[in-house]
Amino acid sequence: MTDSPIHVPMYDPLIEREEIGNAVEALEMKWLGMGEYVARFERSVAEFLETDRHVVAVSTGHAALHLALRIAGVGEGDEVITPAFNNVADFQAILAVGARPVFCDVDERTLCIDLHSAAALVGERTKAILPMDYGVWNCDYDAVERLAEWHGLRVIHDAAHSFGSRSRGRRVGSFSDLCMFSFDPVKNMTCIDGGAVIVRDEADVERLHRMRLIGMGQPASVMYQNQRAWTYDVSELGYRYHMPNLHAAIGLAQLAKMPEITERRRSACRYYNERLGEVSDVVVPATDFADVCPFLYYVRVPAETRDAFRVGLRERGIETGIHWQPGHRFSLFEDARRGPLPVTERIEHEIVSLPLHSNMTDKALERVADAVADFFVEERVG
Ligand SMILES: *Cc1c(COP(=O)(O)O)cnc(C)c1O
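Description of the structure in this document.

Reading the values: rules and limits
- Residues numbered from 1 in each chain as written.
- Predicted model: local features only at pLDDT ≥ 70, side-chain atom pairs only at ≥ 80, totals over all residues.
- Heavy atoms only, no water.
- Helix = DSSP H or I, 4+ residues; strand = E, 2+ residues; numbered from the N terminus.
- Rg over C-alpha atoms; globule rule 2.2 N^0.38 Å.
- Buried < 20%, exposed > 50% of the residue type's maximum accessible area, 1.4 Å probe, protein only.
- Contact = heavy atoms within 4.5 Å.
- Lys, Arg positive; Asp, Glu negative; His and termini not counted.
- Charge placed at Lys NZ, Arg CZ, Asp CG, Glu CD.
- Pairing = 2+ DSSP bridges.
- Axes fitted to C-alpha atoms, helices over the stretch in contact; angles between N-to-C directions.
- Parallel < 35°, antiparallel > 145°, perpendicular 65-115°, else oblique.
- Left-handed = near helix turned anticlockwise from the far one by under 90°.
- Nonpolar A, V, L, I, M, F, W, Y, C, P; charged D, E, K, R; others polar.
- Core = buried A, V, L, I, M, F, W, Y, C linked by side-chain atoms within 4.5 Å.
- Near = heavy atom within 4 Å.
- Polar contact = N/O pair within 3.5 Å; in protein donor to acceptor, adjacent residues only side chain to side chain.
- Areas by Shrake-Rupley, 256 points an atom, 1.4 Å probe, with all protein chains shown as cover.
- Salt bridge = Lys/Arg side-chain N within 4 Å of Asp/Glu carboxyl O.
- Expected span 1.5 Å × (residues − 1).
- Arc of directions from axis to C-beta.
- Patch = residues over 30% accessible without salt bridge, like charges linked within 9 Å, V, L, I, M, F, W, Y side chains within 5 Å.

Moving on to the overall build of the protein. Within the protein, the regular secondary structure consists of 13 helices and 11 strands. In summary, the protein has a C-alpha radius of gyration of 21 Å against a globular reference of 21 Å for 382 residues, a match within 12%. Considered along the principal axes of its C-alpha atoms, the protein spans approximately 75 × 55 × 40 Å. Within the span of the protein, comprising 382 residues, buried residues form 58% of the whole. Within the protein, residue pairs in contact and separated by at least 24 positions form 72% of the contacts whose partners lie at least 6 positions apart. The centroid of the 41 positive side-chain charges in the protein is displaced by 2 Å from the centroid of its 58 negative side-chain charges.

With that out of the way, let us pick up the sheet that holds strand 9 (residues 195-199). Read across the sheet, seven strands follow the order 1-9-8-5-4-2-3 without closing on themselves; strand pairing throughout is mixed. Of all strands in the sheet, those with a lone pairing partner are strand 1 (54-58) and strand 3 (100-104), marking the two edges. Going from strand to strand, the sheet's axes swing by 25 degrees on average, the running direction of each strand aside. Two elements, strand 8 (residues 178-182) and strand 9, share four bridges in a ladder whose sense is antiparallel. Among the inter-strand pairings, F181 is bridged to a residue of strand 9, identified as A196. Across the face of the sheet, helix 7 (residues 202-211) comes into contact with strand 1 and strand 9 while running at roughly 10 degrees to strand 1.

Axis separation between helix 3 (residues 61-71) and helix 7 bottoms out at 11 Å; the angle between their running directions is 130 degrees. When the interaxial angle is binned, helix 3 and helix 7 end up oblique. Crossing hand, helix 3 versus helix 7: right-handed. Contacts between helix 3 and helix 7 pair L67, R70 and I71 from the former with D204, R207, L208 and M211 from the latter. Here the contact of helix 3 with helix 7 is built from residues that sort into four nonpolar, no polar and three charged.

The subject of this paragraph is the nonpolar core. Among the nonpolar cores identified, the biggest contains 96 residues, and F41, F163 and L354 are the most heavily contacted of them. For this core, the element with the highest residue contribution is helix 13 (residues 362-381), accounting for eight residues. In contact with F41, not counting residues within four places along its chain, are A57, F183, M189, C191, M243, A248, G251 and L252. Counting residues in each nonpolar core, the second largest holds 29 residues, with V80, I94, V197 and Y241 among its members.

So, on to the site of the ligand. Every one of the 16 residues lining the ligand counts as a neighbour, but G61, D158, S182, D184 and K187 are closest to it. Contact distances for the ligand include 2.7 Å between an oxygen atom and a backbone N or O atom of G61. Contact between the ligand and H161: an oxygen atom at 2.8 Å from a side-chain N or O atom of the residue. Coverage of the ligand by the protein chains reaches 89% of its 380 Å² of free accessible surface. Those elements giving two or more residues to the shell around the ligand turn out to be helix 3 and helix 4 (88-96). At three residues, helix 3 tops the list of elements feeding residues into the shell around the ligand.

Take the pattern of salt bridges next. Within the structure shown, the criterion is met by 27 salt bridges. In this structure, the salt-bridge partner of E19 is K257, at a minimum N-O distance of 2.8 Å. Of this pair, E19 sits in helix 1 (residues 17-29) while K257 sits in the loop between helix 9 (245-255) and helix 10 (258-276), and the two are 238 residues apart along the sequence. Judged by relative accessible area, K257 falls into the buried class, the value being 11%. With a closest N to O distance of 3.4 Å, R380 and D281 form a salt bridge.

Topologically, L130 is positioned in the loop between strand 4 (126-129) and helix 6 (141-151). Sequence spacing of L130 and A290 is 160 residues, and the spatial spacing of their C-alpha atoms is 25 Å.

The end-to-end C-alpha distance of helix 13, which contains 20 residues, comes to 28 Å, matching closely the 28 Å that a straight helix rising 1.5 Å per residue would cover. Within the sequence span of helix 13, burial applies to A364, L365, V368, A369, A371, V372, F375 and F376. The buried residues of helix 13 occupy an angular sector of 150 degrees when projected down its axis, which confines them to one face. Those residues of helix 13 that are exposed and aimed more than 90 degrees away from the buried face are D362, K363, R380 and V381. For helix 13, the secondary structure elements touched by its buried residues are helix 10, helix 11 (306-315) and strand 11 (351-354).

Okay, a nonpolar patch on the surface next. On the surface, I15, I20, V24 and I192 cluster together into a nonpolar patch covering about 310 Å² of accessible area. Relative to the helices and strands, I15 resides in the segment before helix 1.

If you want it as structure tokens, here you go:
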């Protein structure tokens, strides 16, 4: 790749006056650990999700997945079915509880879990299914639920890409068996780093509160007043997975902007679809983005031009990404049990992620679309 300057990066986090103001306030409070901002953050996220389910804030999306798997009772020797086309954090969280990922294929249209492929892999050791929403798509929640009910499986819904999306009017996060979000630096909403687990039961909340605080039975109600108890029991395996006040404070500023963030990301995707849909070698996502807060805009290009396409865009100052290399391509998972993966193994060579920001200017969008069109014109002229 050349070193021409990057004009449009893949990501551009929305850090404005409000985020910085909240961060300064949280620092000046000098209660740097988990405290009152975290309580407010959890309450505000639950309100945003329009749910009376419980929100437990944690340090990362990976931590949220790990804890959700513990809550689902997944452990040593169990299997969890998940698309090979998923984030490494999911595979590692499954290993972290002593279980093994089993790789299924994805749906050709949405690149989300293919439920027929998943159903064919259910075995004696299968304990849970871990579907995820990809980029601009919600997965088929009804089909996930039917499969889980039929086989008595728990569902850990990875909604890292779909914070702010809806499905039949309901907010994503308000209806799944167990749901998780990530608020890492590049997601629709960021806490710098952060995550959340959404659960139904009080008892699960108490366990999550213990597990995120290295197992300490320290009441959250005390910590939420910027205080701590000095005596407590430790009754189970835990981790240092809590969310600090500073991160929650930044998240609160972001949460207030979700309507604008959603609108901007959606209109950016619509612009891309309109412009890039006309380029003959480019396949755009077949959706109008009506219900979603899109996280990742991707296109498919012919496998044999994909690498040249990425170099060509880079030369035109546009950064691109690949989400993702499939799980069975990594040495750690090369022996993982899996079904046939025809869609995964086709799209892995075709997908390219294009820049998408919450405050993307029309100029930046135009620049990307022009670069894509220009690349293919030159390809053809030779
Ligand atoms: C980002 C992401 C995660 C992991 O979240 P972190 O906060 O980065 O640990 C998990 N799953 C998916 C689909 C993601 O995009």
